[in-house]
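Below, each chain spelled out in residue letters.
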Amino acid sequence: MRSRILVLFFVFCVAACRLGGDGGKMCPRVNIPRDSSYLTQIVNYREEFQISLIGYEGHCYFDTRVNRDKAVINPVFKIKRLRKSDETDVHFAYYTETIKGPPAYLGKKTYYLSVTIPENEKELIYTADSVEVKIPPEMKYEFDINLGLYITPEEAKYNQRTFDIDYRYVDE
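Calculation rules
Residues numbered from 1 in each chain as written. Predicted model: local features only at pLDDT ≥ 70, side-chain atom pairs only at ≥ 80, totals over all residues. Heavy atoms only, no water. Buried < 20%, exposed > 50% of the residue type's maximum accessible area, 1.4 Å probe, protein only. Helix = DSSP H or I, 4+ residues; strand = E, 2+ residues; numbered from the N terminus. Pairing = 2+ DSSP bridges. Salt bridge = Lys/Arg side-chain N within 4 Å of Asp/Glu carboxyl O. Axes fitted to C-alpha atoms, helices over the stretch in contact; angles between N-to-C directions. Core = buried A, V, L, I, M, F, W, Y, C linked by side-chain atoms within 4.5 Å. Contact = heavy atoms within 4.5 Å.

A.B. asks: When you look at the pairing of strand β5 (residues 89-98) in this model, what are you seeing that I'm missing?
C.D. replies: Along a regular strand, successive side chains alternate from one face of the sheet to the other. Counted residue by residue, β5 has seven buried out of 10 residues, so it is predominantly covered. Bridge count for β5 against strand β6 (residues 107-116) is 10 bridges, and the pairing is antiparallel. Across the sheet, Y94 pairs through a bridge with Y111, a residue of β6.

Set out below in structure tokens:
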């Protein structure tokens with residue numbers, strides 16, 4: 001009986017090693033800082049929309065045109081209407097930032113979005129267009145990329161007071 005359990009354990013270990021063959025390495029390595037993962041837009045002193053960065057889709061590839069590794073990232077946002085209004089366009093910005101690695105690969109880039117949320121919809125999941133980030137070849141699986149919403153100092157102050165509040169739609 002013990003030998004069967006031992007053999008079964010050995011087979012399980014070999015299968016686990018086989019399934020995780022790359023050692024859990026991922027490319028791109030994207031971090032979403034909590035303090036820049038959501039914002040509440042206020043229009044005329046009223047909360048209108050809440051925008052949350054809920055994830056991303058991504059992959060890495062070697063760009064043969066420029067002989068360089070690149071990460072392709074598609075941020076995924078949840079846009080929530082907080083009250084009834086005739087506003088349908090939501091404008092916001094997000095960024096990619098690299099802070100560790102060779103100097104030629106470091107920096108922050110901001111991207112601007114305008115998303116239309118139909119007047120009768122309360123919530124929308126939106127996947128943004130692809131953005132590319134250069135990756136150093138020797139750090140392909142260790143190069144961290146921060147992804148977050150661009151938040152003004154006033155919005156950041158408001159976020160700190162209302163963090164983790166799940167706003168509900170108000171029908172006025």
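Picking up where we left off.
A.B. asks: I would appreciate a short explanation of the pairing of strand β9 (residues 144-149) in the present structure.
C.D. replies: Along β9, five of the six residues are buried, which leaves the element largely enclosed by surrounding structure. Two elements, β5 and β9, share four bridges in a ladder whose sense is antiparallel. Bridge pairing in β9 links Y94 to L149.

A.B. asks: Could you clarify how one ought to interpret the pattern of salt bridges in this entry?
C.D. replies: Side chains that differ in sign of charge can pair as their charged atoms come close. As enumerated under the stated definition, the model contains four salt bridges in all. Of the charged contacts, one joins R65 and D63 as a salt bridge, the two residues approaching to 3.0 Å between their closest N and O atoms. Judged by relative accessible area, R65 falls into the exposed class, the value being 68%. Relative accessible area serves as the criterion here: at 3%, D63 is assigned to the buried category. Taking the shortest distance from any N to any O, the salt bridge between K70 and D63 comes out at 3.0 Å. The class of K70 is buried, set by a relative accessible area of 13%. Connected through shared salt-bridge partners, D63, R65, K70 and E132 make up one network.

A.B. asks: Looking at this model, I keep getting lost on the sheet that holds β6. Mind explaining?
C.D. replies: Within a sheet, each strand pairs with its neighbour through backbone hydrogen bonds, oriented either parallel or antiparallel. Taken in spatial order, the four strands of this open sheet run β1-β9-β5-β6, and their pairing is mixed. The two strands at the open ends of the sheet, each matched to only one other strand, are β1 (29-31) and β6. Between one strand axis and the next, the sheet turns by 25° as a mean value, whatever way the strands run.

A.B. asks: What am I meant to see in the nonpolar core here?
C.D. replies: The tendency in soluble globular proteins is for nonpolar side chains to be buried side by side. I51, F77, I79, F92, Y94 and L149 are the most contacted members of the largest nonpolar core, which totals 29 residues. If you list the elements that add at least two residues to this core, you get β3 (46-63), β4 (68-81), β5, β6, β8 (131-135) and β9.

A.B. asks: Mind showing me how you'd approach the environment of P75 here?
C.D. replies: Checked against the element boundaries, P75 lands in strand β4. For P75, a relative accessible area of 0% puts it in the buried group. Along the backbone, P75 and S130 are 55 residues apart, and their C-alpha atoms lie at a distance of 7.9 Å. P75 has contacts with L53, G55, Y56, Y94, Y126, T127, A128, D129 and L147, leaving out every residue within four places of it along the chain.

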